Amino acid sequence: MTSRNRNTYHHGDLRQSVLDAALDVITAEGPGALSLRDLARRAGVSHAAPAHHFKDRTGLLTAIATEGYDLLAEALAGTPELRERGVGYVRFATAHPAHFQVMFQPELLRADDPDLLAAKERASAELRAGVAGLTDVPDARTAGIAAWSLAHGFATLLLTHNVTGAVGDRDPEEYFRELTGLLFTAQLPPGDAERGE
């Protein structure tokens, strides 16, 4: 068996090679820097080759988002406790920052793509399952959005280096656990609730 040249691909590897190259570009420069022609050059194929798999840039970004939602669903599955689902969400975002960037920018995606819709539904079902076991929650949907907002907001702040000073050299997952513990066990001082009304 001959060794692979890093600038060539074996038949059948092109789709994944282009996806991997795209994820590298997005991680380094953001989704705006993506070009099918550049990705073809990186994969060592003709400039038209990626279009056979993705049609266009939107198709490529949609494939990345679909893969991201599938990875997110896997990251959340089998974790019954809500806080640990939040930790899984943060872990997913830090492990897959390029996917995370693309998934939540609907203007970049083909919104009616059936694979994307199915992957989003799988991830949403896992997010909803996290609040299913909560008691004394008047509105599970609102509680789910609150939990998602906390995990997504922290992950976003972490990836954009807005909480680097606060987190320091601590494990971001442990910091998130501490953050949620502080938030959900804190009590408002007397009178704060009245002043907020």
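Rules behind the numbers
Residues numbered from 1 in each chain as written. Predicted model: local features only at pLDDT ≥ 70, side-chain atom pairs only at ≥ 80, totals over all residues. Heavy atoms only, no water. Helix = DSSP H or I, 4+ residues; strand = E, 2+ residues; numbered from the N terminus. Buried < 20%, exposed > 50% of the residue type's maximum accessible area, 1.4 Å probe, protein only. Contact = heavy atoms within 4.5 Å. Areas by Shrake-Rupley, 256 points an atom, 1.4 Å probe, with all protein chains shown as cover. Axes fitted to C-alpha atoms, helices over the stretch in contact; angles between N-to-C directions. Left-handed = near helix turned anticlockwise from the far one by under 90°. pLDDT = per-residue confidence, 0-100. Core = buried A, V, L, I, M, F, W, Y, C linked by side-chain atoms within 4.5 Å. Expected span 1.5 Å × (residues − 1). Polar contact = N/O pair within 3.5 Å; in protein donor to acceptor, adjacent residues only side chain to side chain. Parallel < 35°, antiparallel > 145°, perpendicular 65-115°, else oblique. Nonpolar A, V, L, I, M, F, W, Y, C, P; charged D, E, K, R; others polar.

S.K.: Could you clarify how one ought to interpret the overall build of the protein in this entry?
M.R.: Helix and strand content of the protein: 11 helices and zero strands. Looking at the protein residue by residue over its 197 residues, the buried ones come to 35%. Residue pairs at least 24 apart in sequence account for 68% of intrachain contacts in the protein once pairs closer than 6 positions are excluded. Taken as a whole, the protein presents about 11,800 Å² of accessible surface, with 54% of it coming from carbon and sulfur.

S.K.: Whenever I open this one, the side chain of Thr66 confuses me. Can you help?
M.R.: Structurally, the position occupied by Thr66 is in helix H4 (residues 57–76). Given a relative accessible area of 11%, Thr66 falls into the buried group.

S.K.: Please explain the packing of helix H1 (residues 14–29) against helix H2 (residues 36–43) as it appears in this structure.
M.R.: Geometrically, a packed helix pair is captured by the angle between its two axes and the distance between the axes. Remark: H1 packs on H2, axes separated minimally by 9 Å, with the N-to-C direction vectors making an angle of 115 degrees. In terms of crossing hand, the pair formed by H1 and H2 is right-handed. Facing H1, whose interface residues are Leu14, Val18, Ala21, Ala22, Val25 and Glu29, H2 presents Asp38, Leu39, Arg42 and Ala43.

S.K.: I would appreciate a short explanation of the confidence of the model for the protein in the present structure.
M.R.: Detail in the predicted coordinates should be disregarded across regions flagged by low pLDDT. Overall, the prediction assigns the protein a mean pLDDT of 85, with 87% of residues at 70 or greater. By mean pLDDT, the top-scoring element of the protein is helix H6 (residues 97–103) (97), and the lowest-scoring one is helix H11 (residues 192–196) (44). Counting contacts from residues 191–197, a segment whose pLDDT is below 50, to residues more than four positions away or on other chains yields one contact.

S.K.: Would you mind showing me how to read the nonpolar core here?
M.R.: Here is a general trend for soluble globular proteins: nonpolar side chains tend to be buried in one another's company. Of all hydrophobic cores here, the largest spans 47 residues; its most connected members are Leu34, Leu39, Leu60, Ile64 and Phe154. Take this core: its biggest share by element is nine residues, from H4. The contacts of Leu39, once residues within four sequence positions are left out, are Val18, Ala21, Ala22, Val25, Leu34 and Leu60.

S.K.: Help me understand helix H7 (residues 114–132), please; the structure alone is not making it clear to me.
M.R.: Count 3.6 residues to each turn of an α-helix, and residues three or four apart come out pointing the same way. With 19 residues, H7 should reach 27 Å at 1.5 Å per residue; the first-to-last C-alpha distance of 26 Å fits that figure. Buried residues along H7 sit against H4, helix H5 (82–95) and helix H8 (140–159). Sitting at the amino-terminal end of H7 is Asp113, which places a side-chain oxygen 3.1 Å from the backbone nitrogen of Asp115.

S.K.: Help me understand H1 in this model?
M.R.: The terminal C-alpha atoms of H1 lie 22 Å apart, and with 16 residues this matches the ideal 22 Å at 1.5 Å per residue to within 8%. What H1 keeps buried is the set Leu14, Val18, Leu19, Ala21, Ala22, Leu23, Val25 and Ile26. If you follow the buried residues of H1, they end up packed against H2, helix H3 (49–54), H4 and H6. Phi turns positive one or two residues past the end of H1, at Gly30, with a value near 90 degrees.

S.K.: Would you explain the packing of H5 against H8 in this entry?
M.R.: Running from amino to carboxyl end, H5 crosses H8 at an angle of 30 degrees, the nearest separation of the two axes being 9 Å. Comparing their axes, H8 and H5 come out roughly parallel. For the pair H5 and H8, the crossing hand works out as right-handed. Of the residues in H8, those in contact with Leu82, Gly86, Tyr89, Val90, Ala93 and Thr94 of H5 are Ala147, Trp148, Ala151, His152, Phe154, Ala155, Leu158 and Leu159. Its residues assigned to classes, the contact of H5 with H8 shows 11 nonpolar, three polar and no charged.

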